[in-house]
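Here's the letter readout for the chains.
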Amino acid sequence: MPVIEVKLSDFLKLLGKDLSIEELSETMPMMGVSWEGSSEDSFSIEVFPNRPDMLSVEGLARSYASFMGFNTGLRNYKVLESDYTSIVAEEVRDVRPYFCSAVIKNIEFDDSLIRSIIQMQEKLHVTHGRKRRKVSIGLHDLKPIKFPVIYTTKPPEFKFRPLGERSEMTLSQILSDLPKGVEYAWILEGMARYPILMDSKGMVLSMPPIINSEHTRIDEATDSIFIDVTSTDWKAMNEVLNIIVTTFADRGAGIYQVSNKYPDKVVASPNLKPREMNLALDYVNDLLGVNLTHEQVSAYLERMGYGVQFEEALKVLIPSYRTDIMHQMDLVEDIAIAYGYDKFVPEIPPIASPAGEDPLEIFCRSLRNLLVGYGFLETVTFMMTNRVKLFKKMCLPEEPVAEAENSKNEEYNIVRNRLIPSLLEVLSLNKHHPYPQNIFEVAEVLILDPEEDTGAKTAKRLAVALCHAKSNFSEIKSVTISIIDNLGIRNINIEPSDITCFIEGRGMNVKVEGHLIGYAGELKPEVLENWEIEMPTTALELDADALYDILAKCRRRV
Amino acid sequence: MNPESVASELHENERKIISLLKDRGELTVDQLVDETGLSRDAIERACDWSETKGIISVSQKKRREFRLTEEGRQYAREGLPEKRLLQTVGDDGIEIAQLKERFHPLDIALAWVRVNEWGTISGGKLKLTTNGRKALQTQVMDEKILHKLMESPMEEELLDEAAKRKITLMLKRGLVDVSEATDKRVKLTGFGESVALSLEHISDEKLITQLTPNHLRYKEWREARFQRYDVTLPAPKVYPGKRHFISQVIDYIRRFWVEMGFKEMKGPILELAFWNFDALFQPQDHPARDLADTFYMKTPYKGRLPDERLVSRVKATHENGWETGSTGWQYKWDPEFASRCCLRTHTTSLSVNTLAGLKESDLPAKFFSVGRVFRNETIDWNHLMEFYQTDGIVVGKGVTFRNLLGYLKEYLERLGLEKFRFRPGYFPYTEMSLEAEVWIEEKQSWTELFGAGMFRPEVVKPLIGFEVPVLAWGPGFDRIVMRHYGINNIRTLYSNDIGQLREAEIWVE
C-alpha cells in the first residue's frame with residue numbers, strides 16, 4: 001500500500017493549527033491511515049487503497065481538519081466556466097478510449113506544492129492508475145497551448161521532443177530508448193498507432209501514458225496548467241481528475257472547466273458535483289450496535305467531510321473526490337470512524353449455536369497424542385518443497401504434483417504429495433543433536449485429482465521416522481502395527497512393498513480390504529546418503545483420511 | 001556426626017579411597033587414580049564428597065615441572081650442536097668457511113662454543129681450548145639434564161642449585177619448557193580415621209547401590225545395606241516425546257473457539273481464485289491479486305467454477321452491484337480469471353465457502369477455522385511463504401460492530417495480550433474494516449496484529465441470497481507464538497530444530 005511523506009510545517013500550515021508529532025501520531029491512525037514513522041520535521045503515513053484522495057498533503061490535511069472538527073462538512077469547490085475545448089478523436093477508441101481535462105489558474109508554485117503534486121501523481125499512477133495502465137495523468141504549462149487540444153493517435157514514426165530530451169524522437173524510439181518508455185511500453189504493446197495529445201497548431205503535449213513533451217514543461221514561472229487524464233476506465237479517470245483539481249484548489253488555485261468533444265457527445269470536466277445517497281438511521285444503529293440520533297449521525301458524517309441534508313431521511317452529499325463510496329455501508333464505516341473505534345464498548349452477543357471441532361481434526365489429535373506416547377517428537381514442516389527433495393533424494397520416480405507457476409523461492413515451487421521426505425529433511429538438519437531422533441507429523445499433503453473442482457485434493461497423512469543406531473525394519477513394523485492396533489483396526493494385510501526409497505525386501509505395504517492405506521520400511525543407504533544422514537533410519541506413512549473413513553464405517557455398523 | 005552412620009552412607013569410591021588412605025597416609029590424587037584404577041573424574045568427585053563430610057582434608061600444592069621442547073628433544077637425540085661442533089674441529093683447528101657448508105646450525109653452535117670457552121677463533125679458524133678438549137671427553141651437565149628430561153619431566157623441588165642454574169639457561173635457550181601443576185594431596189582427618197575404623201566393621205556387609213531383580217528374587221536385600229545417595233547431585237537429562245509448540249498453540253486456539261460456541265469449517269488449501277478473491281468482492285485488477293503475492297498454479301492450472309447461479313450473482317455484483325444496493329466496481333468480470341487455481345492466501349476462502357452453503361434456517365451461526373495459508377514471499381527473518389491463520393465468522397440478524405469487537409477482545413485476552421487497540425483499516429471485502437494492534441513496550445509503538453471487519457453486502461448477498469450482517473476475522477498467530485517463546489526470527493518457528501523442540505516448554509493453558 002502506498003506510503004506518503006509529509007512535511008510537518010507544510011501540513012500544519014494547511015491545517016491552520018499547531019499540533020505536535022505526538023498528537024498527530026496518536027490521532028491520525030484513528031482516522032484510517034497507518035502511521036509509519038516520523039522525524040523531527042516530517043512524518044510518513046500509509047494511505048489505504050480506498051482513499052486515493054489522501055495521497056497528497058492537501059488531501060490528507062483536508063480530511064484531518066474535518067476529522068478533528070477544525071473544519072467540518074462538505075467543501076464547496078467552484079468550477080468556473082471557460083471556452084477551453086479538447087477534441088477526442090475517433091481513433092483513440094481502440095487504443096486508450098477515455099479522456100478528460102481541466103485548467104487550473106492562479107497557482108503559486110512553491111517547493112512544497114511541487115513536491116506534493118509529484119508525489120500524488122506518482123502514487124495515483126501506481127495505485128488507482130494500476131501502474132498507468134488504467135489511468136495516467138499529464139500536467140502541462142497552459143501558456144504555450146493553442147486550443148482546442150486534440151487527443152488522437154499517431155504512427156510509430158511520428159516525432160516530437162519528449163520532456164527532458166534535446167531533440168525530437170520517434171514514438172518507437174521513445175518506447176525503446178527512454179527509461180519511461182521502456183518502463184511503460186507494455187501498456188501499448190501490439191498497437192499500430194499510439195495515443196498522442198497535441199494542440200491546434202500541431203504541437204505535441206504528450207504521448208499518454210508514457211511521457212510529456214518538452215513544449216509544455218512546467219517551471220517555477222508557471223502559474224496556470226492544463227491537466228489531461230487518459231484512461232481505459234471512465235469512472236477511475238474522473239475520480240483521478242477530481243482528486244487532482246481539488247488538491248490545487250486547496251492551495252488557492254481556480255478550477256476551470258473544459259469541454260471534451262467526443263465524436264458522439266460533449267462531456268464537461270471536471271464535474272465536482274457531490275453524489276447523493278440516502279441513509280436510514282436504523283441501518284446505522286443496527287450495524288454498529290449503538291443508538292445515535294439523526295443529529296449525531298449528521299455531525300459524524302460532517303466530521304468525515306460529507307454534506308448532510310435532512311428531510312424525512314438523511315440525504316448524504318458525497319464529495320466528488322471520494323472514490324470509495326459504493327454502498328450505504330461505506331458511510332456507516334465513516335460514521336464509526338468519526339465516532340471513534342476506541343469509543344465502542346465491545347460486547348459478546350448471547351448467540352447460542354451448535355459448536356465443535358471437525359471430526360477428522362479430533363481424530364488427528366488422537367493420533368498425535370498416541371504418537372507422543374511412543375516418545376516421538378512432533379514436527380511442523382512446510383508443505384511446499386521441490387522435486388529434488390520430494391523425489392530425487394528419496395530415490396523415488398517423479399510423480400505429477402501441484403506446482404506453482406511463479407514461486408519467488410526456487411526451493412519451494414511444488415506442494416508435497418507425501419510426508420516422509422519432510423521428516424528426512426528435518427533429520428538431515430539436526431545431525432548435531434543427540435540420538436535417538438524419533439519424529440512424527442500428522443499433516444496435509446496435496447494429491448492431484450481430476451474429480452475435484454480444483455483438480456487437487458487436500459489429504460491428511462501421518463508419518464513417523466525413527467533415526468538411531470539400532471533402528472531397523474522390525475522396529476518400524478512394530479510401531480506401524482501398534483498404531484493400527486490402537487485404532488482398533490483388525491483386518492489389515494501386510495505385503496512386501498516395491499517402493500524404491502526402502503532397502504529391497506525391507507519395505508511393506510499396509511492394506512485394508514485390498515486398499516493401500518500406508519507403507520513402511522527401512523530407508524536405503526543411498527537415500528540416507530542423499531540427505532547426509534549417518535544413522536540408520538526407518539519410516540512409515542499412513543493415510544489418515546483412509547484410517548478415519550475405516551473407523552467411521554465401523555462406527556456406523558455399530 | 002556419628003562415624004558409623006557416615007560410614008554406612010559412603011559411596012563405593014569413597015570407601016576405596018578411605019581404606020587406601022588409612023593404609024598409606026597422605027596420597028596425591030594422581031596416586032589414588034593409579035592405585036584404584038578409577039577415572040580422575042570419579043576420584044575427584046569422591047574426594048569432594050568425603051571432604052564435605054569432614055572425612056578427609058585436601059591440600060593443594062603448586063609445583064613447577066620442566067619438560068623438553070621439540071628442539072630440546074632433537075638435541076637429546078642428536079647431541080647438542082656445540083658438542084657436535086667440537087667433534088668436527090680436530091687438533092689443528094678448522095676453517096670457518098669450510099664449516100659453513102658442512103655444519104648446521106653453525107651460528108648457534110659457535111655462539112655456545114664461545115660462551116662455554118671451548119674454542120677460540122683467529123684468522124678465520126676455530127681452535128679448541130683446554131676446556132673444549134675436556135668437554136669433548138666427557139658428558140657435560142647440559143647433556144645429562146637433556147637425557148634425564150628425555151626420560152621424564154623434572155620437578156623443580158628436586159633439583160640442586162647447579163642444575164637449577166643450568167635449567168634456567170636452557171629455558172632461555174628454548175630447549176626446556178616449564179609447566180605449573182597443582183598437586184592435590186589427600187589425607188584422613190581425625191574424624192576420617194574413626195570413619196575408616198567403622199568402615200572395617202561394616203565392609204563385610206553387602207552394600208547395594210543399584211537394586212536388581214536378583215536382590216529381590218533371592219531376598220538378598222534383607223542382609224544388605226543401601227548406599228545412601230546425595231540426592232542433590234545432578235542427574236542426566238531426559239527428553240519426552242512432545243507435541244510441536246505451534247501444534248500445542250493451535251489446539252489451544254481451537255479449544256478457545258469451541259468454548260466460545262464456534263463450529264469448525266474445513267476446506268482445501270488449493271482453491272479457485274473465485275473462492276479466494278472473487279467471492280470476497282476483490283476486483284480482478286486489485287493489486288493483492290497480482291502474481292507477485294499469490295501462488296498461481298501451473299498444475300492444476302484451472303478448475304471448475306461452482307454453480308452458475310452463484311457465479312452469475314458474483315459477476316453481476318462485481319460489475320454493477322447486482323441486488324446489493326452497491327454500485328459495484330464497474331468493470332467487465334472475467335470467469336476465466338476466476339477459475340484459475342491458486343494456493344489459498346487466507347483461510348477466509350473457507351469462510352465465504354461456508355457462507356455460500358448456509359440457509360436462513362441455519363442462522364445464527366458461528367464458524368472458525370485454523371489452517372495453513374500461502375503467500376508468494378521471499379523468505380527472510382520476517383516473512384514466510386507458509387503460515388497459519390485462524391478465521392472466524394458470526395452470521396446472524398442483529399449482530400453488530402460492537403459484537404465484532406467483543407469477540408476480538410476476548411480472543412486477544414485469551415492469548416495473553418494486555419494492551420491492544422482497534423483502529424480503522426481497509427480490506428476490499430469488509431466494511432467496517434479494522435486492524436487490531438498490540439502495544440510493544442520495547443519499541444514503544446503499536447504493531448499490527450491482524451485485520452477484521454464486517455463482510456460487505458457485496459460479499460454476503462450473492463453467496464447466501466439475502467442480506468445479513470457477518471462478522472469476520474482472520475488473524476495469523478505466528479507473532480503471538482514468537483512473543484510467547486521469545487523467538488525473534490520467524491524462520492525459527494518452522495525450522496524444527498530438535499534441540500529447540502526438546503527444550504521448548506509446553507503450553508500449559
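Predicted, not measured: the structure shown is a model, and the values here were computed from it.

(A) Highlighting the overall build of chain A. In terms of regular secondary structure, chain A is built from 16 helices and 29 strands. Relative to the 2.2 N^0.38 estimate, which gives 24 Å for 558 residues, the radius of gyration of chain A is 34 Å and therefore markedly larger than a compact globule would have. Buried positions account for 58% of the 558 residues belonging to chain A. Here the contacts in chain A between residues at least 6 apart in sequence split such that 69% fall between residues at least 24 apart. Looking at chain A as shown, the accessible area adds up to about 23,800 Å², and 48% of this sits on carbon and sulfur atoms. Of the side-chain charges in chain A, 60 are positive and 83 negative, and the distance between the mean point of each set is 3 Å.

(B) Seen up close, the overall build of chain B. When its secondary structure is counted, chain B shows 22 helices and 19 strands. Taken over C-alpha atoms, the radius of gyration comes to 44 Å for chain B, far larger than the 23 Å a tight globule of 509 residues would show. Across its three principal directions, the C-alpha atoms of chain B cover 125 × 85 × 45 Å. A total of 509 residues make up chain B; the buried ones form 52% of that total. Within chain B, counting contacts between residues at least 6 apart in sequence, those at least 24 apart form 69% of the total. Looking at chain B as shown, the accessible area adds up to about 24,100 Å², and 49% of this sits on carbon and sulfur atoms. Charge separation in chain B, taken as the distance between the mean sites of 74 positive and 78 negative side-chain charges, equals 1 Å.

(C) Empty space enclosed by the protein, seen in detail. Counting across every chain of the model gives six cavities of 30 Å³ or more. The calculated volume of the largest cavity comes to roughly 380 Å³. Glu 361, Arg 368 and Lys 460 of chain A together with Ile 250 and Tyr 388 of chain B are the residues nearest the centre of the largest cavity, which is lined by 29 residues in total. At the level of secondary structure, the elements contributing two or more residues to the lining of the largest cavity comprise helix H11 (359-373) and strand S24 (437-448) of chain A together with helix H14 (245-259) and strand S14 (365-374) of chain B. Classifying every residue of the lining of the largest cavity gives nine nonpolar, five polar and 15 charged.

(D) How the structure looks around the pattern of salt bridges. For the structure shown, the criterion picks out 78 salt bridges over all chains. When the shortest N-O distance is used, the salt bridge between Arg 387 of chain A and Glu 403 of chain A registers 3.2 Å. Here Arg 387 of chain A, found in helix H12 (residues 387-392), pairs with Glu 403 of chain A, found in strand S22 (residues 403-404); they are 16 residues apart in sequence, far enough to count as distant. With a relative accessible area of 25%, Arg 387 of chain A lands in the partly exposed category. On the accessibility criterion, Glu 403 of chain A (11% relative accessible area) is buried. Taken together, the shared-partner salt bridges in this structure form one network comprising Glu 357, Glu 361, Arg 365, Arg 368, Glu 378 and Lys 460 of chain A together with Arg 243, Asp 251, Arg 254, Glu 264 and Lys 266 of chain B.

(E) Local environment of the domain arrangement of chain B. Under the domain assignment, chain B is made up of domain 1 (3-55 + 189-226), domain 2 (68-180) and domain 3 (246-503). For domain 2 of chain B versus domain 3 of chain B, the distance between C-alpha centres works out to 88 Å.

(F) Looking closely at the packing of helix H1 (residues 8-15) of chain A against helix H3 (residues 57-67) of chain A. Residues and elements named next belong to chain A. Packing of H1 against H3 brings their axes to within 9 Å, and their N-to-C directions diverge by 50 degrees. Here H1 lies oblique to H3, going by the angle between them. Here the hand of the crossing between H1 and H3 comes out right-handed. Across the interface between the two elements, Asp 10, Phe 11, Leu 14 and Leu 15 from H1 touch Val 57, Glu 58, Leu 60, Ala 61, Tyr 64 and Ala 65 from H3. Residues belonging to the contact of H1 with H3 are distributed by class as follows: eight nonpolar, no polar and two charged.

(G) Main features of the pairing of strand S8 (residues 149-154) of chain A. Residue and element names in this part refer to chain A. Alignment of strand S5 (residues 85-88) against S8, held across three bridges, turns out to be parallel. Its bridge partner being in S8, Ile 87 is matched across the sheet by Ile 150. Summarising the sheet, S8 and strand S11 (residues 194-198) pair through five bridges and their orientation is antiparallel. When the bridges of S11 are listed, Thr 152 appears paired with Ile 196.

(H) Just the environment of Ser 474 of chain A, in detail. Residues and elements named next belong to chain A. Along the chain, Ser 474 falls in helix H14 (residues 473-486). Look at Ser 474 and you get partly exposed, because its relative accessible area is 47%. Taking the C-alpha atoms as reference, Ser 474 lies 9.1 Å from Glu 522; in sequence the two are 48 residues apart.

Conventions used here
- Residues numbered from 1 in each chain as written.
- Chains lettered and ligands numbered in written order.
- Predicted model: local features only at pLDDT ≥ 70, side-chain atom pairs only at ≥ 80, totals over all residues.
- Heavy atoms only, no water.
- Helix = DSSP H or I, 4+ residues; strand = E, 2+ residues; numbered from the N terminus.
- Rg over C-alpha atoms; globule rule 2.2 N^0.38 Å.
- Buried < 20%, exposed > 50% of the residue type's maximum accessible area, 1.4 Å probe, protein only.
- Contact = heavy atoms within 4.5 Å.
- Areas by Shrake-Rupley, 256 points an atom, 1.4 Å probe, with all protein chains shown as cover.
- Lys, Arg positive; Asp, Glu negative; His and termini not counted.
- Charge placed at Lys NZ, Arg CZ, Asp CG, Glu CD.
- 1 Å grid on protein atoms, 1.4 Å probe; cavity = no way out; pocket = protein on both sides within 12 Å on 5 of 7 lines; lining within 4 Å.
- Points joined across faces, edges and corners; volume = space filled by probe spheres on them.
- Nonpolar A, V, L, I, M, F, W, Y, C, P; charged D, E, K, R; others polar.
- Salt bridge = Lys/Arg side-chain N within 4 Å of Asp/Glu carboxyl O.
- Domains from an automatic or database assignment.
- Axes fitted to C-alpha atoms, helices over the stretch in contact; angles between N-to-C directions.
- Parallel < 35°, antiparallel > 145°, perpendicular 65-115°, else oblique.
- Left-handed = near helix turned anticlockwise from the far one by under 90°.
- Pairing = 2+ DSSP bridges.

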